[in-house]
Amino acid sequence: EPEVTQTPSHQVTQMGQEVILRCVPISNHLYFYWYRQILGQKVEFLVSFYNNEISEKSEIFDDQFSVERPDGSNFTLKIRSTKLEDSAMYFCASSEILASTGELFFGEGSRLTVL
Amino acid sequence: GNSVTQMEGPVTLSEEAFLTINCTYTATGYPSLFWYVQYPGEGLQLLLKATKADDKGSNKGFEATYRKETTSFHLEKGSVQVSDSAVYFCALSAYDMRFGAGTRLTVKP
């Protein structure tokens, strides 16, 4: 069964360092998303991406965040200068059609720990 | 804006007990509603969904009915098992998906 894969599964970094989280969405999907979940808290929307551009972003997704689909298969989330409060589980998701009617398929997440 | 409010946890039940996890939503337009489940150490999996009013989503013995008049999508299961222990998220989707805070369910043998 096709699945969304994320790497790394766990990354530990120092505050102020840049981090890139990678995702390979399901191959025929057109819409891509990043969510984060701070430990024990709710799953928060970060950004959605369609047709090689951001379609929507939340207030959390500030200038330190960026997304890219560099090669037609990977979908990356970059955090330029990590802060302690960026420590969270980051989930990538993809969908074949717009989220309003379609199912989002989630990866297993990348746990980011900022020290 | 669109948002979801779900019952705070944690919820602890004995095996074969009846489960209800409440979820209400606020939205403009006609969103789709979902329940996702997160087992320990895993990502989010779709449990069930409903795309219009009065639709009932069901899967693995779980059910939820899209009630427009009460803006609710409560999750129910008649007889829970230990393997149902997980965190359950109610979600709403209009243009992108927004999640509730999650409800941790622990089922004891």
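Just give me the short version of the overall build of chain A, but keep the residues and values in it.
A count of helices and strands for chain A gives zero helices and eleven strands. Traced from its N-terminal end to its C-terminal end, chain A shows the element sequence β-β-β-β-β-β-β-β-β-β-β. By the compact-globule yardstick of 13 Å for 115 residues, chain A fits well, its C-alpha radius of gyration being 13 Å. Projected onto the principal axes, the alpha-carbon positions of chain A cover approximately 35 × 30 × 30 Å. Residues classed as buried in chain A amount to 47% of the 115 residues present. Taken as a whole, chain A presents about 5,800 Å² of accessible surface, with 46% of it coming from carbon and sulfur. Treating the 9 positive side-chain charges of chain A as one cloud and the 16 negative ones as another, the clouds have centres 6 Å apart.

With reference to specific residues and values, describe the sheet that holds strand β7 (residues 65-68) of chain A.
Residue and element names in this part refer to chain A. Taken in spatial order, the four strands make up an open sheet running β1-β3-β8-β7, and their pairing is antiparallel. Unpaired on one side and paired on the other, β1 (5-7) and β7 mark the two borders of the sheet. Across the sheet, the mean angle separating the axes of adjacent strands is 15 degrees when strand polarity is ignored. Sheet analysis places β7 next to strand β8 (residues 75-79), joined by four bridges and oriented antiparallel. Bridging across to β8, serine 66 finds its partner in lysine 78.

An account of the interface of chain B and chain A is needed here, citing residue identities and associated values.
Tallying the contact residues gives 20 residues for chain B and 19 residues for chain A. Taking both sides of the interface into account, the surface hidden between chain B and chain A amounts to around 1,700 Å²; carbon and sulfur atoms contribute 56%. Seen at the junction of chain B and chain A, the total is one salt bridge. When the shortest N-O distance is used, the salt bridge between arginine 98 of chain B and glutamate 56 of chain A registers 3.5 Å.

Go over the nonpolar core with me, naming the residues and quoting the values.
All names here are of chain B. Membership of the largest hydrophobic core comes to 26 residues, with the highest contact counts inside it found for Trp35, Leu47, Leu48, Phe73, Leu75 and Tyr88. Elements that contribute at least two residues to this core include exactly β2 (11-14), β3 (19-21), β4 (23-26), β5 (32-38), β6 (44-50), β8 (62-65), β10 (86-93) and β12 (103-108). Per-element tally for this core: the top contributor is β10, with four residues. For phenylalanine 73, the contacting residues outside a window of four places in its chain are Cys23, Leu33, Phe34, Trp35, Leu48, Lys49, Ala50, Ala64, Thr65, Tyr66 and Cys90.

How would you sum up the layout of surface pockets? Please name residues and give values.
To locate leftover empty space, one rolls a probe as large as a water molecule over the atoms. The computed volume of the largest pocket comes to approximately 480 Å³. Forming the walls of the largest pocket are 27 residues, and the residues nearest its centre are Gln37 and Gly40 of chain A together with Gln38, Val87 and Arg104 of chain B. Mapped onto the lining of the largest pocket, the elements with two or more residues apiece are β9 (88-95) of chain A together with β10 and β12 of chain B. Take the lining of the largest pocket: its biggest share by element is four residues, from β12 of chain B. Residues of the lining of the largest pocket, tallied by class, amount to twelve nonpolar, ten polar and five charged. Going through the elements one at a time, β1 and β10 (105-106) of chain A together with β6 of chain B are the ones with two or more residues in the lining of the second largest pocket. Among the elements that line the lining of the second largest pocket, the one with the most residues is β6 of chain B, at three residues. Its residues assigned to classes, the lining of the second largest pocket comprises eight nonpolar, five polar and five charged.

Before we move on, could you go through the state of the cysteines and cite the residues and values that matter?
With the rule as written, the count across this model stands at two disulfides over all chains. Through a disulfide, cysteine 23 of chain A is tied to cysteine 92 of chain A; the S-S separation comes to 1.9 Å. Its S-S torsion of approximately -65 degrees makes the covalent link between cysteine 23 of chain A and cysteine 92 of chain A left-handed. Highlighted residues: cysteine 23 of chain A in strand β3 (residues 19-24) and cysteine 92 of chain A in strand β9, separated in sequence by 69 residues. Pair check on accessibility: cysteine 23 of chain A and cysteine 92 of chain A agree, each one buried. Note that cysteine 23 of chain B is cross-linked by a disulfide to cysteine 90 of chain B, the S-S spacing being 1.9 Å. Negative torsions about the S-S bond denote left-handed disulfides, and the value of about -70 degrees found for cysteine 23 of chain B with cysteine 90 of chain B makes this one left-handed.

Basis of the calculations
Residues numbered from 1 in each chain as written. Chains lettered and ligands numbered in written order. Predicted model: local features only at pLDDT ≥ 70, side-chain atom pairs only at ≥ 80, totals over all residues. Heavy atoms only, no water. Helix = DSSP H or I, 4+ residues; strand = E, 2+ residues; numbered from the N terminus. Rg over C-alpha atoms; globule rule 2.2 N^0.38 Å. Buried < 20%, exposed > 50% of the residue type's maximum accessible area, 1.4 Å probe, protein only. Areas by Shrake-Rupley, 256 points an atom, 1.4 Å probe, with all protein chains shown as cover. Lys, Arg positive; Asp, Glu negative; His and termini not counted. Charge placed at Lys NZ, Arg CZ, Asp CG, Glu CD. Pairing = 2+ DSSP bridges. Axes fitted to C-alpha atoms, helices over the stretch in contact; angles between N-to-C directions. Contact = heavy atoms within 4.5 Å. Buried area = accessible area lost by both parts, 1.4 Å probe. Salt bridge = Lys/Arg side-chain N within 4 Å of Asp/Glu carboxyl O. Core = buried A, V, L, I, M, F, W, Y, C linked by side-chain atoms within 4.5 Å. 1 Å grid on protein atoms, 1.4 Å probe; cavity = no way out; pocket = protein on both sides within 12 Å on 5 of 7 lines; lining within 4 Å. Points joined across faces, edges and corners; volume = space filled by probe spheres on them. Nonpolar A, V, L, I, M, F, W, Y, C, P; charged D, E, K, R; others polar. Disulfide = S-S within 2.5 Å.

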